[in-house]
Amino acid sequence: MKKNRLIPILLLKNGFLVQSRQFTRHQNLGNPVTAVKRLSQWASDELIYLDISRDEKYDLRRDDQGYKNSQSFLEIIRDVSKETFMPITVGGKIKSLQDIEERLKLGADKVAINSHAFKDKNFINNAAKEFGSQCIVVSIDYKLEKSNKTEVFIGCGRESTSLSLDEWAKNVESMGAGEILLNSIYKDGSGEGYDIEVLEDISALVSCPVIACGGVGEWEHLFEALSKTRVDAVAAANIFHYQDQSVFLAKKHLYNKNMNVRKPDLIEI
C-alpha cells in the first residue's frame, strides 16, 4: 500500500525564508538553503518550496558567516537541490513550459502551478503532455466567502476567481494535474488545525492525490487529516521551524498511532 507522505513547505520571499499568516503577514526566518539541509536530515518524505515574492529582488543583505547571497530563485533552486536527499516540488511565477524545464533541469522533481493554471486553461494540459502528469502539481488557495461559497483565489490569495473549489478541483484534474495542493487561506498560520470538512469533500471528489495544507499547530492535526479524510499527504510550513528534529518527531507521532507512514529515522550525512 502506498505510504502517506509528510511534506514540509518552505516559503521564500525576496531571498528570505519566511513564515506566513493568512497570506498577508510574513515573518523573516533567515537563510533559504540551510533549512533544507535540516529537513532532509530529519527524513522528510518530500519538500515543497514556494516563491511568494512579488518582484525579482532576492537579497539576504548579508555576506558574512558564509551565507551565499543568491540573486534569483533559479539560483536558490540549484543550491537547494545540492543539500537534499528528498524529492522537491518548486512553485512560484511559473508561466511557460520553459519555466518548468528550467526548474526541472536545476534539480526540481515536480513543479507547483497556481495562478497561471487559471489564466491559461490549456497550460496544465500542455505541461502534462510535455513533462508528464506525475510532475505537475496544481496549487489551489481557497477561502469561505460571506456567500457561504468556498471560493478559489489566485495571485497569492489576493484575487478572486469566482470559481467554487469543487469546480476548480475537478477542472484541474481533467486538465492533467498529477496532484492537488490544497491550502486554506483563513487557516494559514492559525495553528488551529486543517480544514477537515473541505479536505474530506475534495479528497473524495477527485481521484488524483490531494496534499493538505494550512493550519497545523500540533502533530495531532496531521493525524486528524490522515485519519478523517482521503488525503494522500499532509503538509505544513510554520510548525517545522521551531523545534529540533521536528519532521522526525511528527512522523514518529503518526507512526506510533499506526498511520501508514514510513518508519521515522534520522539521516546521517
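Here, every reference points to the structure presented above.
The model shown is predicted, which means the values in this text are computed figures rather than measured ones.

Asker: How would you explain the pairing of strand 1 (residues 5-13) if you had to name every residue and give the values?
Answerer: Summarising burial for strand 1: eight of the nine residues are buried, a large majority. Pairing geometry for strand 1 and strand 12 (residues 233-236), over four bridges, is parallel. Directly across from I7, in strand 12, lies its bridge partner A235. Relative to strand 4 (residues 47-51), strand 1 is paired through four bridges, and the arrangement is parallel. Following the sheet pairing, L11 is matched in strand 4 by L50.

Asker: For the pattern of salt bridges, give the residues involved together with the corresponding values.
Answerer: This model, assessed by the stated rule, comprises eleven salt bridges. Between K105 and E101 there is a salt bridge, with its nearest N and O atoms 3.3 Å apart. Here the residue K105 and the residue E101 both occupy positions in helix 3 (residues 97-105), the gap between them amounting to four residues, near one helical turn. Since its relative accessible area comes to 67%, K105 is described here as exposed. One network of salt bridges, with partners in common, ties together R5, E46, K110 and E179.

Asker: Provide a residue-level description of the packing of aromatic side chains, including the pertinent values.
Answerer: Scanning the entire structure with this criterion turns up three aromatic pairs. Both rings, one in F118 and one in W168, keep their centres 5.9 Å apart while their planes meet at 75°; by these two values the pair is edge-to-face. One end of the pair, F118, is in helix 4 (residues 115-119); the other, W168, is in helix 6 (residues 165-175), and 50 residues separate them in sequence. Classification of W168 as buried rests on a relative accessible area of 3%. Consider the rings of W219 and F240, whose centres lie 6.0 Å apart with planes at 25°: the pair is stacked. Here W219, found in helix 8 (residues 219-228), pairs with F240, found in the loop between strand 12 and helix 9 (246-256); they are 21 residues apart in sequence, far enough to count as distant. Just as W219 is buried, F240 falls in that class too. A cation over an aromatic ring shows up here: K257 above the ring of F223, its NZ or CZ 4.4 Å from the ring centre.

Asker: Describe the packing of helix 3 against helix 5 (residues 123-131), listing the residues and the values that go with them.
Answerer: At a minimum axis distance of 10 Å, the contact between helix 3 and helix 5 shows a crossing angle of 40°. Overall, the two elements helix 3 and helix 5 adopt an arrangement that is oblique. The handedness of the crossing between helix 3 and helix 5 is right-handed. Contacts between helix 3 and helix 5 involve L97, I100, E101 and L104 from the first element and F123, N126, A127, E130 and F131 from the second. Within the contact of helix 3 with helix 5, the residues separate by chemical class into six nonpolar, one polar and two charged.

Asker: How would you sum up helix 9? Please name residues and give values.
Answerer: The complete set of buried residues in helix 9 reads S246, V247, F248, A250, K251 and L254. The elements touched by buried residues of helix 9 are strand 1, helix 1 (34-41) and helix 8. One or two steps after helix 9, the chain reaches N258, where phi turns positive at roughly 65°.

Asker: Quick one: what's the story with helix 2 (residues 73-81), residue by residue and with numbers?
Answerer: Buried within helix 2 we find F73, I76, I77, D79 and V80. All buried residues of helix 2 fall inside an arc of 170° around its axis, so they share one side. Where the residues of helix 2 are buried, they touch strand 1, helix 1, strand 4, strand 5 (88-91) and helix 3.

Asker: Could you give an account of the packing of helix 6 against helix 7 (residues 196-205), naming the residues involved and the relevant values?
Answerer: Helix packing for two helices is described by the angle between their axes and how far apart those axes are. Where helix 6 contacts helix 7, the two axes come as close as 10 Å, and the packing angle between them is 35°. Viewed along their axes, helix 6 and helix 7 form a crossing whose handedness is right-handed. Contacts from L165, D166, A169 and K170 in helix 6 reach V198, I202 and L205 in helix 7. Residues belonging to the contact of helix 6 with helix 7 are distributed by class as follows: five nonpolar, no polar and two charged.

Procedures and definitions
- Along each chain, residues carry numbers from 1 onward, in the same order as the chain's sequence is written.
- Two thresholds apply to this predicted model, a pLDDT of at least 70 for residue-level local features and 80 or more for giving and counting side-chain atom pairs, whereas whole-chain, interface and lining totals are computed over all residues.
- Side-chain calculation: all heavy atoms of the structure are included, whereas hydrogens and water are not.
- Only protein chains enter the accessibility calculation, which uses a 1.4 Å probe; a residue whose area is less than 20% of its type maximum is buried, one above 50% is exposed, and one in between is partly exposed.
- For the purposes of this entry, the term helix denotes a DSSP run of H or I that reaches at least four residues, the term strand denotes a run of E that reaches at least two, and both are numbered from the N terminus.
- One requirement defines pairing of two strands: DSSP has to find at least two bridges between them.
- Salt bridge, as used here, is a side-chain nitrogen of Lys or Arg placed within 4 Å of a carboxyl oxygen of Asp or Glu.
- Two rings belonging to Phe, Tyr or Trp (six-membered ring only in the last case) form a pair when the distance between their centres is within 6.5 Å. Interplanar angles under 30 degrees mark stacking, angles over 60 mark edge-to-face geometry, and anything in between is tilted.
- Here, a charge over a ring is recorded when the distance from Lys NZ or Arg CZ to the ring centre is within 6 Å and its angle to the ring normal is within 35 degrees.
- Each axis is a line fitted through C-alpha atoms, taken for helices only over the stretch in contact, and angles between the N-to-C directions span 0 to 180 degrees.
- Orientation categories follow fixed angle ranges, with anything under 35 degrees roughly parallel, anything over 145 roughly antiparallel, 65 to 115 roughly perpendicular, and all other angles oblique.
- Two helices cross in a left-handed way if the nearer one is turned anticlockwise from the farther one by less than a right angle. They cross in a right-handed way if the turn is clockwise.
- Pairs of residues are marked as contacts when any of their non-hydrogen atoms sit within 4.5 Å.
- Classes in brief: Ala, Val, Leu, Ile, Met, Phe, Trp, Tyr, Cys and Pro nonpolar; Asp, Glu, Lys and Arg charged; the others, Gly included, polar.
- The directions from the helix axis to the C-beta atoms form the arc being described.

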